[in-house]
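# A look at the structure
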Amino acid sequence: MGTNEEVYQKNWLALLLIIPLPTLSILYSLEISQGWSGNLVFLLSKIFMITIPVYWYFKLEKKEFSWSPVKNKNDLWIGFGFGIGMSAVIGIAWLIFGQYIDQNALKELLEGNGLTNPLVYLGVTIYWIFGNSLLEEFVFRWFIFEKFEATMGSKYALYLSAAAFTLHHSIAMLYMFPISLMILASIGIFIGGLLWSWLYLRYRSIWVVFLSHAIVDIMMFSIGGIILLK
């Protein structure tokens, strides 16, 4: 077996190990348990989403540590602009389609995870904006995008990494929205994932994409807070 073939197979193995993790975590939490075991599976999935890429990067590929530096401070303004623009689109979509969401069912789902407590919701919001969005950029843009890029090229990596990013979000939305609204939201998430993958391809820094992602999460959790307050 040639070296290139070994690398190719290892890249696909890495993708097969990491991509299903958030989806399996969501399915467990929503189908089996929304209690402590669901939260435990959620936590374990996050741990594996960190440890698998780190192990792969340092132990298997023996690469050096990098902070994924921003090459030009103006690059961050690009990320900021993308975040504001995407958030505006989400806000407009909420104003148009928000009335079709079963907000009582959504509240029940949030209650099952303890998120109807304002302090818990605030804590989760802070984690999601500053922790989870960074983790998702680390996994979906840096690790998954680069593995797809190494095996299939940049063009396919843009779409495949965006599809992987959309998958677990779409499954989660099946439990929250009507199917027609879920499809519409999934298209929006796919476009967002595609734009973020392009940002990473263009600037090669997860911090540019993270800034955009964090701004979008602020909008999303603001909408969630409005629903809970009604």
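Residues numbered from 1 in each chain as written. Predicted model: local features only at pLDDT ≥ 70, side-chain atom pairs only at ≥ 80, totals over all residues. Heavy atoms only, no water.

When we look at a pair of aromatic rings, we describe it by the centre distance and by the angle of the planes. On inspection of all chains with the given rule, the structure shows 18 aromatic pairs. Geometrically, the ring pair formed by Y127 and W128 is edge-to-face, given 5.5 Å between the ring centres and 85 degrees between the ring planes. Relative accessible area serves as the criterion here: at 24%, W128 is assigned to the partly exposed category. Between the aromatic rings of F138 and W142, the centroid separation amounts to 4.9 Å while the plane-to-plane angle is 25 degrees, which identifies the pairing as stacked. Linking F138 with W142, this pair stays in helix α6 (residues 118–152), spanning four residues, or about one helical turn. Aromatic rings pair up to connect Y57, F58, F65, W67, F138, W142 and F143 into one cluster. (Phe/Tyr/Trp six-rings, centres within 6.5 Å; stacked < 30°, edge-to-face > 60°. Buried < 20%, exposed > 50% of the residue type's maximum accessible area, 1.4 Å probe, protein only. Helix = DSSP H or I, 4+ residues; strand = E, 2+ residues; numbered from the N terminus.)

Let us look at the environment of E149. Relative to the helices and strands, E149 is located in helix α6. Setting aside anything within four residues of it in sequence, one finds E149 in contact with S154, A157, L201 and R204. (Contact = heavy atoms within 4.5 Å.)

Let's shift gears to the environment of I183. Tracing the backbone shows I183 in helix α8 (residues 179–203). Once the C-alpha coordinates of I183 and G114 are considered, the two residues, 69 residues apart in sequence, prove to be 27 Å apart.

Before going further, it helps to examine the nonpolar core. If you look at the biggest cluster of nonpolar residues, it comprises 34 residues, and the most contacted ones within it are I18, V139 and I144. Tallying contributions element by element places α6 first for this core, with nine residues. Not counting the four nearest positions on each side in its chain, V139 is found in contact with I18, M49 and I144. Residues L106, L181, F221 and I227 belong to the second largest nonpolar core, which totals 10 residues. (Core = buried A, V, L, I, M, F, W, Y, C linked by side-chain atoms within 4.5 Å.)

On the surface, W36, L40, L43, L44, I47 and F48 cluster together into a nonpolar patch covering about 620 Å² of accessible area. Residue position: L44 is located in helix α3 (residues 36–60). (Patch = residues over 30% accessible without salt bridge, like charges linked within 9 Å, V, L, I, M, F, W, Y side chains within 5 Å. Areas by Shrake-Rupley, 256 points an atom, 1.4 Å probe, with all protein chains shown as cover. Salt bridge = Lys/Arg side-chain N within 4 Å of Asp/Glu carboxyl O.)

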